[in-house]
Amino acid sequence: MNIGARLFRNVVKSPYRLLRTIQRSLDPAYRLQHRANSSVGSAIPRDRVQLLEQNPGQSSDRECRLLAYLAMEADAAGAIVEIGAYKGKVTAWLVEAAEKAKGKARVISIDPHIFGTWEEYQNTVQKFELENRGLTIHKELSHSLGESWQEPISFLLVDGSHEYEDVVTDIEDFVPHVLPNGYVVFDDARGEVYPGVTRAINERMRTRSEFDEVGMIKNFAVFRRKAA
Ligand SMILES: C[S@@+](CC[C@H](N)C(=O)[O-])C[C@H]1O[C@@H](n2cnc3c(N)ncnc32)[C@H](O)[C@@H]1O
């Protein structure tokens, strides 16, 4: 490309890039992801991050960093609750991050392993010695625990059943126990791939005035309970 064309391209692109940078710096969801990337990078050693990233799972490395950051920020007065653990990739990240949190929050992981993932989940648990590091495992449906749930929650990840009725039940069972300033993240909440998830969030989460919606990050819908 000649100099004239290059100059023209930069003049055209620069204002656009500038605008995008300004827009992003004002977007709370983008700022949260940005903070997550830098905080996790400085709190967890690189070789450890690489090991965690090698675990099998459905969440991307970027998504895991965001979840780890929210676990690091979690109030130790409540538990970190994961609904839908699959092969344990996120579980391992949450435990690793919770250890870096002030006061060490404990992690509760709930999954009946209906897709035959119990063995691989157990491999991850053993490889990272998660049960010696504050993890409690419940191999059951979220509602079996949720219907009588009493414990305060500092960070809730909802990624279990994606059926409308089940997501509604997860919201009704667990969300009222989220502490002030605590985060709630729903996976697979973008678009209409999982209509049950988006409908449940629209009807039962966006209507809760005690929560602010931080925004959408990748496939996550992120909410935060207002300060007390
Ligand atoms: C999308 S996967 C979770 C992926 C995981 N977060 C990851 O990133 O690797 C959904 C999981 O939810 C579990 N599940 C399905 N119904 C559930 C329920 N009612 N309660 C808890 N977990 C459930 C499934 O067994 C499955 O392992």
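Position numbers for residues count from 1 along each chain, tracking the sequence in the order it is written. Reporting in this predicted model follows two pLDDT cut-offs: at least 70 for local features of residues, and 80 or more for side-chain atom pairs to be given and counted; totals over whole chains, interfaces and linings ignore these cut-offs and use all residues. Where side-chain values are given, they derive from all heavy atoms of the structure, hydrogens and water being excluded.

1. A few points about the overall build of the protein
Moving on, step 1. In terms of regular secondary structure, the protein is built from 9 helices and 7 strands.
Moving on, step 2. Atoms counted for the radius of gyration: C-alpha only. Globule rule: 2.2 Å times residue count to the power 0.38. For the protein, whose C-alpha radius of gyration is 19 Å, the value lies close to the compact-globule estimate of 17 Å for 228 residues.
Moving on, step 3. Projected onto the principal axes, the alpha-carbon positions of the protein cover approximately 70 × 40 × 35 Å.
Moving on, step 4. In the protein, the share of contacts with a sequence separation of at least 24, taken over all contacts with a separation of at least 6, comes to 78%.
Moving on, step 5. Methods summary: accessible areas were calculated by the Shrake-Rupley approach with a probe of 1.4 Å, and residue burial reflects only the protein chains presented. Total accessible area on the protein is roughly 11900 Å²; 50% of this is exposed by carbon and sulfur atoms.
Moving on, step 6. In this tally, Asp and Glu contribute negative charge and Lys and Arg positive charge; neither His nor the terminal groups of the chain are included. Every charge is mapped to an atom, namely NZ of Lys, CZ of Arg, CG of Asp or CD of Glu. One finds the centroid of the 30 positive side-chain charges in the protein at a distance of 12 Å from the centroid of its 32 negative side-chain charges. Only DSSP runs of H or I reaching four residues or more are called helices, and only runs of E reaching two or more are called strands; each is numbered from the N terminus. Only heavy atoms matter for contacts: two residues are in contact if any of them lie within 4.5 Å across the pair.

2. Details of the sheet that holds strand β3 (residues 135-138)
Moving on, step 1. DSSP-based pairing: two strands are paired if at least 2 bridges between them are found. The strand order across the open sheet formed by 7 strands is β3-β2-β1-β4-β5-β7-β6, and the pairing between neighbours is mixed. Because the sheet does not close on itself, it has two edges, and the strands there are β3 and β6 (211-217). Each neighbouring strand pair of the sheet contributes to a mean axis angle of 15°, computed without reference to strand direction.
Moving on, step 2. Here strand β1 (residues 79-83) pairs with strand β4 (residues 153-158) via 5 bridges, running parallel. When the sheet's bridge partners are listed, isoleucine 80 is paired in β4 with phenylalanine 155. The axes used here are C-alpha line fits, helices contributing only the stretch in contact, and every angle between their N-to-C directions lies in the interval 0 to 180 degrees.

3. Section: the pattern of salt bridges
Moving on, step 1. Salt bridge, as used here: a side-chain nitrogen of Lys or Arg that lies within 4 Å of a carboxyl oxygen of Asp or Glu. Summed over the entire model, instances satisfying the criterion amount to 13 salt bridges.
Moving on, step 2. Across the pair aspartate 61 and lysine 89 runs a salt bridge, and its minimum N-O distance is 3.0 Å. Placement of aspartate 61 in helix α4 (residues 61-73) and of lysine 89 in helix α5 (residues 89-98) is noted, with a sequence separation of 28 residues between them.
Moving on, step 3. On the basis of relative accessibility, which here comes to 29%, the residue aspartate 61 falls in the partly exposed class.
Moving on, step 4. Here arginine 208 makes a salt bridge to glutamate 172, at a shortest N to O gap of 3.6 Å. Of this pair, arginine 208 sits in the loop between α9 (195-205) and β6 while glutamate 172 sits in helix α8 (residues 164-174), and the two are 36 residues apart along the sequence.
Moving on, step 5. Buried, partly exposed and exposed residues are distinguished by accessible area as a fraction of the type maximum, computed with a 1.4 Å probe on protein chains only: under 20%, between the cut-offs, and over 50%, respectively. Residue arginine 208 is classed as buried on the basis of its relative accessible area, which comes to 15%.
Moving on, step 6. We classify glutamate 172 as partly exposed; its relative accessible area is 37%.
Moving on, step 7. In the salt-bridge network here, residues are joined through shared partners; they are Arg48, Glu96, Glu99 and Arg133.

4. Brief notes about the site of the ligand
Moving on, step 1. Around the ligand there are 18 residues in total, and Gln58, Ser59, Asp111, Ser142 and Asp159 lie nearest to it.
Moving on, step 2. We define a polar contact as two N or O atoms separated by no more than 3.5 Å, with the added condition that, inside protein, one atom must be a possible hydrogen donor and the other a possible acceptor, whereas residues neighbouring each other in sequence contribute only through side-chain atom pairs. Separating an oxygen atom of the ligand from a backbone N or O atom of glutamine 58 is a distance of 2.9 Å.
Moving on, step 3. Within the backbone of glycine 84, one N or O atom sits 3.3 Å away from a nitrogen atom of the ligand.
Moving on, step 4. Residues are grouped as follows: Ala, Val, Leu, Ile, Met, Phe, Trp, Tyr, Cys and Pro are nonpolar; Asp, Glu, Lys and Arg are charged; every other residue, Gly included, is polar. Taken together, the residues of the shell around the ligand sort by class into 8 nonpolar, 8 polar and 2 charged. Any residue with at least one heavy atom within 4 Å of a molecule or strand is counted as near it.

5. Description of α5
Moving on, step 1. Buried residues dominate α5, accounting for 10 of its 10 residues.
Moving on, step 2. Looking only at α5, the buried set comprises Lys89, Val90, Thr91, Ala92, Trp93, Leu94, Val95, Glu96, Ala97 and Ala98.

6. Points about the side chain of aspartate 173
Moving on, step 1. Mapped onto the elements, aspartate 173 comes out in helix α8.
Moving on, step 2. For the buried residue aspartate 173, which engages in no salt bridge, the nearest side chain bearing the opposite charge is arginine 208, 9.4 Å off.
Moving on, step 3. Filtering out sequence-adjacent residues up to four positions away, aspartate 173 remains in contact with His143, Gly146, Glu147 and Trp149.

7. Section: a nonpolar patch on the surface
Moving on, step 1. A residue counts toward a patch only above 30% relative accessible area and without a salt bridge, and it is joined to like-charged neighbours within 9 Å or, for Val, Leu, Ile, Met, Phe, Trp and Tyr, to nonpolar neighbours within 5 Å. Where nonpolar side chains cluster on the molecular surface, the patch consists of Leu18, Ile22 and Leu26 and spans about 320 Å² of accessible area.
Moving on, step 2. Following the sequence through the fold, leucine 18 ends up in helix α1 (residues 3-26).
Moving on, step 3. Look at leucine 18 and you get exposed, because its relative accessible area is 55%.

8. Here's the deal with the side chain of aspartate 170
Moving on, step 1. Structurally, aspartate 170 can be placed in helix α8.
Moving on, step 2. The buried charged residue aspartate 170 lacks any salt bridge, with arginine 208 as its nearest oppositely charged partner at 12 Å.
Moving on, step 3. Contacts of aspartate 170, omitting those with residues within four sequence positions, involve Ile83, Ser142, Val158 and Val175.

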